[in-house]
There are 2 protein chains.
Amino acid sequence: MSVIFSRECEYAIQALIFLAKQERNTWISIKDVAQQINIPQHFLGKIFQKLVQKGIVISQKGFSGGFKLTKDVNKISIFEVVEAIDGDGYRTKCVMGFPDCSADSPCPIHNKWKSIRDDFVKLIKSKKLFELAHEIKKPGY
Amino acid sequence: MSVIFSRECEYAIQALIFLAKQERNTWISIKDVAQQINIPQHFLGKIFQKLVQKGIVISQKGFSGGFKLTKDVNKISIFEVVEAIDGDGYRTKCVMGFPDCSADSPCPIHNKWKSIRDDFVKLIKSKKLFELAHEIKKPGY
DNA sequence: ATTTATTAAGATAATTTTGTCTTAATATAA
DNA sequence: TTATATTAAGACAAAATTATCTTAATAAAT
């Protein structure tokens, strides 16, 4: 299993970081992205379709078409990508799975988990593709 | 999807908290646990089998048999249950899914995630069934 | 001994997630 | 206008997770 995000979401994050590393205003094909970051091509296709619907990337069909980011790389955060693909379950559900856990009727670790989770949400909101793309220069990424 | 733990693991935690609420040294049947916390009975059976193998509970077959905790309720933490069911993936894998991320070759949020994750691990190590069972008195748990 | 209530364990099924294949639509280049 | 490279989209398949069903083993009560 993955840690917090679905596999799909992990791929989305990795693919967008890859896009952010490329020259601005050029169309990048699914094939290129999938090969470079080593993830299944057609699965990535579906993921990109969702990202198009959410307005994070735009697509261009046909010869030398592909995808590019709609917004500036320092305006797109991990948080935004996660919300687009996985939704908000990771920050709204009870970490122990109690169905009735809520602020009104908190489970025994509700508040401490909330505090930790808030730190995490703050982290992924603060991290933009720009920074991520520039920090990732080592092989393997 | 669940938050961090698998459904199986969430059920294990909930079931053991329920056991911790019962009178010590009495056998509690799967059926009772499953009905009370509203989870699938046979699925819970398999989970308990794993918990027996890990030495967290012991079982007694036959008439008026069931399960009980092996150790004192203030000696079993959420952490222990999670390790038994889900293993350590949640605290060892890269949160963005980069396959080569490690302390030696950290992804851009490796260290900040580690810090948050360490807080979480500390939390679930500190929470014993004893405390959890006593804090859960409201309906719905 | 027989009945009954239980865990143990394996087989099967349903659901969800992940991954693949195929065809259509489309845009560019030749 | 034809060939080619691409996304779009749906069907399909595989794998993993979650859930159910069935039978065997076992222990207690009668």
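The structure contained in this document is the topic of the report that follows. What you see is a predicted model; the values in this text were computed from it and never measured. (Residues numbered from 1 in each chain as written. Chains lettered and ligands numbered in written order. Predicted model: local features only at pLDDT ≥ 70, side-chain atom pairs only at ≥ 80, totals over all residues. Heavy atoms only, no water.)

Right, let's get into the interface of chain A and chain B. By convention, interface size is frequently given as the accessible area that disappears when the constituent parts associate. Facing the 39 residues of chain A at the interface are 39 residues of chain B. Of the roughly 3,800 Å² buried at the junction of chain A and chain B (both faces included), carbon and sulfur atoms supply 70%. Three residues, A:Met1, A:Val3 and A:Tyr141, lead the burial of chain A against chain B; their summed loss comes to 19% of the area buried on that side. Here chain A and chain B share zero salt bridges between them. Our enumeration of links across chain A and chain B arrives at six residue pairs in polar contact (both at pLDDT 80 or more). At the level of secondary structure, the elements contributing two or more residues to the side of chain A that touches chain B comprise helix H1 (7-21), helix H5 (89-92), helix H6 (110-126) and helix H7 (129-135) of chain A. At six residues, the largest contribution of residues to the side of chain A that touches chain B is made by H6(A). For the side of chain A that touches chain B, a count of residues per class yields 24 nonpolar, six polar and nine charged. (Contact = heavy atoms within 4.5 Å. Buried area = accessible area lost by both parts, 1.4 Å probe. Salt bridge = Lys/Arg side-chain N within 4 Å of Asp/Glu carboxyl O. Polar contact = N/O pair within 3.5 Å; in protein donor to acceptor, adjacent residues only side chain to side chain. Helix = DSSP H or I, 4+ residues; strand = E, 2+ residues; numbered from the N terminus. Nonpolar A, V, L, I, M, F, W, Y, C, P; charged D, E, K, R; others polar.)

Mapped onto the secondary structure, B:Cys94 falls in the loop between helix H5 (89-92) and helix H6 (110-126). Separated by 40 residues in the primary sequence, B:Cys94 and B:His134 place their C-alpha atoms 35 Å from one another. Ignoring sequence-local partners within four residues, the contact set of B:Cys94 consists of A:Val3, A:Glu10, B:Cys101 and B:Cys107.

The next thing to look at is unusual backbone geometry. For A:Asn38, which is not glycine, the phi torsion reads 65 degrees and is therefore positive. Assignment of secondary structure puts A:Asn38 in the loop between helix H2 (30-37) and helix H3 (41-53). Positive phi outside glycine occurs at B:Asn25, with the angle close to 65 degrees. Turning to its location among the elements, B:Asn25 is positioned in the loop between helix H1 (7-21) and helix H2 (30-37). On the basis of relative accessibility, which here comes to 57%, the residue B:Asn25 falls in the exposed class. (Buried < 20%, exposed > 50% of the residue type's maximum accessible area, 1.4 Å probe, protein only.)

Another point: the state of the cysteines. Tallied over the full model, the rule gives zero disulfides over all chains. For the unlinked cysteine A:Cys9, the closest cysteine sulfur is that of B:Cys94, found at 12 Å. Residue A:Cys94 stays outside any disulfide, its sulfur separated by 3.9 Å from that of A:Cys101, the closest cysteine. (Disulfide = S-S within 2.5 Å.)

Okay, the protein's contact with DNA strand C next. Close to DNA strand C lie 25 residues, the nearest being A:Arg7, A:Tyr11, B:Ile30, B:Lys46 and B:Ser59. The sugar-phosphate share of atoms of DNA strand C within 4 Å of the protein amounts to 65%. A distance of 3.1 Å is found between a phosphate oxygen of DNA strand C and a backbone nitrogen or oxygen belonging to A:Arg7. Looking at the surface near DNA strand C, the elements that each hand over two or more residues are H1 and H3 of chain A together with helix H3 (41-53), strand E1 (57-60) and strand E2 (66-69) of chain B. Tallied by class, the residues present in the surface near DNA strand C amount to eight nonpolar, 11 polar and six charged. (Near = heavy atom within 4 Å.)

For the match of chain A to chain B, the screw axis carries a shift of 0.0 Å, the RMSD comes to 0.0 Å, and the turn is 180 degrees. A rotation of that kind, with that shift, is consistent with a two-fold axis. Every residue of chain A has its C-alpha some distance from the rotation axis, and the shortest such distance is that of A:Ile4, at 2.6 Å. A share of 100% of interface residues in chain A that are also interface residues in chain B marks the association as one of identical surfaces. (Least-squares fit on C-alpha atoms with pLDDT ≥ 70 in both.)

Not every one of the 24 residues close to DNA strand D is listed here, only the nearest: A:Ile30, A:Lys46, A:Ser59, B:Arg7 and B:Tyr11. Here the atoms of DNA strand D within 4 Å of the protein split so that 68% fall in sugar or phosphate, with bases taking the remainder. A:Lys46 is positioned with one of its side-chain polar atoms (N or O) 2.9 Å from a base nitrogen of DNA strand D. Within the backbone of A:Gly62, a nitrogen or oxygen atom sits 3.2 Å from a base oxygen of DNA strand D. Contributing elements (two or more residues each) for the surface near DNA strand D: H3, strand E1 (57-60) and strand E2 (66-69) of chain A together with H1 and H3 of chain B. Counting residues per element, the surface near DNA strand D draws most heavily on H1(B), at three residues. Its residues placed into classes, the surface near DNA strand D shows eight nonpolar, 11 polar and five charged.

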